[in-house]
Amino acid sequence: MVRRHMKILTALALLIAFAIPAQALTITGEAQVTKPYSFTLAGYQVYLLGVDSMEEGQNCTIDRQRWECWAAAYRQLETIVSEGDLTCETIFGPDDREAVIAVCTVNGEDVGERFVRSGFGLVIANETTRYNDAEAEARVAGIGLWQGEFTPPRIYRSLPLRPPSLRPRFLPAEPID
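Undergrad: Teacher, can you tell me more about the pairing of strand β3 (residues 38–41) here?
TA: As judged from the 3 bridges shared by strand β2 (residues 32–35) and β3, these two strands associate in the antiparallel manner. Directly across from Q32, in β3, lies its bridge partner T40. Linkage of β2 to β3, two consecutive antiparallel strands, is achieved through a turn of 2 residues. Examined bridge by bridge, β3 and strand β4 (residues 44–48) share 4 bridges and lie antiparallel to one another. What sits directly across from S38, in β4, is Y47. Between β3 and β4, which pair antiparallel one after the other, the connecting turn spans 2 residues, and A42 there sits at a positive phi close to 50 degrees.

The following block contains the structure:
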């Protein structure tokens, strides 16, 4: 009986812990890109809300020629975040690795939107809808990743012998606008 009550109390504690959102943080400063979809900022590993990109070792093709799109995507994000100090409003986290999911701006412009609009960022549909138009425009214009062929990163990561994503698990009830 005591064990059952302990299980129930543990389950309730977990429900409460996940039901109460963490206090939103504002993080500012100079960012250092670590992957084409994340960077470090003020001691946090920041992942942009609703934005994904290529994994290291993942390649694309343009006219059937191999193209190292990972490096191109990395440089594109690096170019955007190097324009000045970033201001990031956390949506989720920090977790035990000090990782957060955030909406970030540089010089008043949304970093995620710019990255997706460049064609190197891809929308994570279950997190947000705010960048859908930017992705559609990049696809139609055939820029960034859309100038050739590629395996979506979420599918690439699911293949055998591929590293799992370190992105915090964030599953909002509905995508954030």
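Read on for the rest.
Undergrad: What's the story with the layout of surface pockets in this structure? I'm lost.
TA: Rolled over the atoms, a probe sized like a water molecule indicates the empty space that remains. The volume enclosed by the largest pocket comes to roughly 540 Å³. In terms of lining, the largest pocket is formed by 23 residues, of which the most central are D52, I124, R154, R157 and R167. Residue assignment for the lining of the largest pocket shows that the elements contributing at least two residues are β5 (51–52), β11 (122–123), α4 (132–141) and α5 (153–158). Tallied by class, residues from the lining of the largest pocket come to 13 nonpolar, 2 polar and 8 charged.

Undergrad: I keep staring at the state of the cysteines and nothing clicks. Help me out?
TA: As used in these notes, a disulfide is a covalent bond between sulfur atoms, one from each of two cysteines. Following the criterion strictly, the structure yields 2 disulfides and no others. In this model, C60 is linked to C69 through a disulfide, with the two sulfur atoms separated by 2.0 Å. Judged by the sign of its S-S torsion, about 75 degrees, the cystine formed by C60 and C69 is right-handed. The pair C60 / C69 is uniform in exposure class, with both members buried. Across a sulfur-sulfur distance of 2.1 Å, C88 and C104 are joined as a disulfide pair. Between C88 and C104, the disulfide has an S-S torsion of 115 degrees and is therefore right-handed.

Undergrad: I'm lost on helix α2 (residues 69–81) in this one. Help?
TA: Given a rise of 1.5 Å per residue, 13 residues ought to cover 18 Å, and the 18 Å separating the end C-alpha atoms of α2 matches this to within 8%. Residues of α2 that are buried: C69, W70, A71, A72, A73, L77, I80 and V81.

Undergrad: What exactly am I supposed to notice about unusual backbone geometry here?
TA: Keep in mind that most residues, glycine aside, have a negative phi and that most peptide bonds are trans. With an omega of 10 degrees, the peptide bond between G93 and P94 qualifies as cis. Among the secondary structure elements, P94 is positioned in the loop between β8 (86–92) and β9 (99–106). Located in the positive-phi region is R64, a residue other than glycine, with phi close to 65 degrees. Here R64 is to be found in the loop between β6 (60–62) and β7 (65–67). Residue class for R64 comes out exposed when judged on its relative accessible area of 80%. Notably, E98 is not glycine yet its phi reads approximately 65 degrees, a positive angle. Residue placement: E98 occurs in the loop between β8 and β9. Under the relative-accessibility criterion, E98 is labelled partly exposed at 34%.

Undergrad: What's the story with the environment of Y44 in this structure? I'm lost.
TA: Tracing the backbone through its elements, the reader meets Y44 in strand β4. With 53 residues separating them along the chain, Y44 and R97 place their C-alpha atoms 8.2 Å apart. Once residues within four sequence positions are removed from consideration, Y44 is found in contact with L25, I27, F39, P94, E98 and V100.

Thresholds applied
- Residues numbered from 1 in each chain as written.
- Predicted model: local features only at pLDDT ≥ 70, side-chain atom pairs only at ≥ 80, totals over all residues.
- Heavy atoms only, no water.
- Pairing = 2+ DSSP bridges.
- Helix = DSSP H or I, 4+ residues; strand = E, 2+ residues; numbered from the N terminus.
- 1 Å grid on protein atoms, 1.4 Å probe; cavity = no way out; pocket = protein on both sides within 12 Å on 5 of 7 lines; lining within 4 Å.
- Points joined across faces, edges and corners; volume = space filled by probe spheres on them.
- Nonpolar A, V, L, I, M, F, W, Y, C, P; charged D, E, K, R; others polar.
- Disulfide = S-S within 2.5 Å.
- Buried < 20%, exposed > 50% of the residue type's maximum accessible area, 1.4 Å probe, protein only.
- Expected span 1.5 Å × (residues − 1).
- Contact = heavy atoms within 4.5 Å.

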